[in-house]
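What the coordinates show
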Amino acid sequence: PIVKIDNNFAHYLYSLRTPGTAKIFYAITTFADQITVIILLIISLVYLRFKKEIAYLYAILLTFIGAEGSAFLIKIFINRDRPGADLAYYLEGSKSFPSGHSTAAMAFFGFVTYYLLYHVKGGSKKSLILFLGILLISLIGFSRLYLGVHYLSDVLGGFLLGGLWLVAGITFRERHFYISSLKKGKDNTI
């Protein structure tokens, strides 16, 4: 049933694809390209080191390395082919499940959203950050589907995998701050 849903959804999106919209979604998908995310990660690490927010630095490293490493290994283990050239806007060389872009988007941009939520004051600003974070992650996932380079289950699997590593990173950071607050006698959690 999953394969049937994947194929039907891929063909449906293909029927809606236009050259202009495909270019827009191609630009969106580059936000989670491996090189883009690595550059953004390095900038984040330098920023966190400069700000002396070491718990965040280790947490984002755990999140990113865990997500990327496990996605790579699962791709090898599952060995699922991508949609064919008849559906794909462009061809990719790696296997299909899980979507690496969706995994990276959920893990990295999810962690950045979490970080910003902790550091921004005001409910309306927090709501805006949360909305923009969810929107960016969702658009990246949808771009993979719209461009025909992944199936629906690939993207959902990538979101799940990235989400698991995001939870691991947040848990690491929260535990560190909880232990630190016990030592200092105050509460540093959101």
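Structural notes, computed from the coordinates. Predicted, not measured: the structure shown is a model, and the values here were computed from it. (Residues numbered from 1 in each chain as written. Predicted model: local features only at pLDDT ≥ 70, side-chain atom pairs only at ≥ 80, totals over all residues. Heavy atoms only, no water.)

1. Brief notes about the pattern of salt bridges
Applicable threshold: By convention in these notes, a salt bridge is any Lys or Arg side-chain nitrogen within 4 Å of a carboxyl oxygen on Asp or Glu. Secondary structure is summarised from DSSP: a helix means a run of H or I of at least four residues, a strand means a run of E of at least two, and numbering begins at the N terminus for each. For the exposure calls, accessible area comes from a 1.4 Å probe over protein chains only, and a residue counts as buried if that area is under 20% of its type's maximum, exposed if over 50%, partly exposed in between.
In total, this model carries 6 salt bridges according to the counting rule given. Between Arg144 and Glu92 there is a salt bridge, and its shortest N-O distance comes to 2.8 Å. Of the two residues, Arg144 sits in helix α6 (residues 123-146) while Glu92 sits in the loop between α4 (54-78) and α5 (100-119), which places them 52 residues apart along the sequence. Taking relative accessible area as the criterion, Arg144 reaches 0% and is therefore assigned buried. In this structure Glu92 comes out as partly exposed when scored by relative accessible area, which is 28%. Among the ionic contacts, a cluster of salt bridges with common partners joins Asp6, Arg80 and Asp154.

2. Some points on helix α3 (residues 34-50)
Selection criterion: Given the number of residues in a helix, its expected span is that number minus one, multiplied by 1.5 Å. As used here, the arc is the angular range of directions from the helix axis to the C-beta atoms.
Here α3 is 17 residues long and its end C-alpha atoms lie 24 Å apart, about the 24 Å a rise of 1.5 Å per residue gives. Every buried residue belonging to α3 is among Val37, Leu41, Ser44, Leu45 and Leu48, and all of these are buried. Here the buried residues of α3 occupy an arc of 100° about the axis, which is enough to place them on one side. Opposite the buried face of α3, at more than 90 degrees from it, the exposed residues are Ile35, Ile43, Val46 and Phe50. Of the residues trailing α3, Lys52 is marked for its positive phi of about 60°.

3. A short note on the layout of surface pockets
Short version of the rule: Only protein atoms enter the calculation, which uses a 1 Å grid: trapped sets of points that fit a 1.4 Å probe without letting it out are cavities, open sets showing protein on both sides within 12 Å along at least five of seven lines are pockets, and any residue with an atom within 4 Å of a point is a lining residue. Grid points are joined across faces, edges and corners, and a volume is the space filled by probe spheres set on the points. Under the scheme applied here, ten amino acids are nonpolar (Ala, Val, Leu, Ile, Met, Phe, Trp, Tyr, Cys and Pro), four are charged (Asp, Glu, Lys and Arg), and all others, including Gly, are polar.
Of the voids in this model, the largest pocket is the one considered here, and its volume is about 340 Å³. Along the wall of the largest pocket there are 18 residues; nearest its centre are Gln34, Glu68, Lys75, Ser94 and Gly100. For the lining of the largest pocket, the elements supplying multiple residues, two or more each, are α3, α4 and α5. Here the lining of the largest pocket takes 5 residues from α4, the largest share from any one element. Across the lining of the largest pocket, the residue classes break down as 6 nonpolar, 5 polar and 7 charged.

4. Overview of the nonpolar core
How we decide: We define a nonpolar core as any set of buried Ala, Val, Leu, Ile, Met, Phe, Trp, Tyr and Cys residues linked to one another through side-chain atoms lying within 4.5 Å. We call two residues in contact when some of their heavy atoms are within 4.5 Å.
Of all hydrophobic cores here, the largest spans 34 residues; its most connected members are Tyr56, Ile60 and Phe111. Of all elements in the fold, only α2 (19-29), α3, α4, α5, α6 and α7 (152-184) reach the threshold of two or more residues within this core. With 8 residues, α5 is the single largest residue contributor to this core. Those residues in contact with Ile60 that lie beyond four places of it in its chain are Leu41, Ser44, Leu45, Leu48, Phe108 and Phe111.

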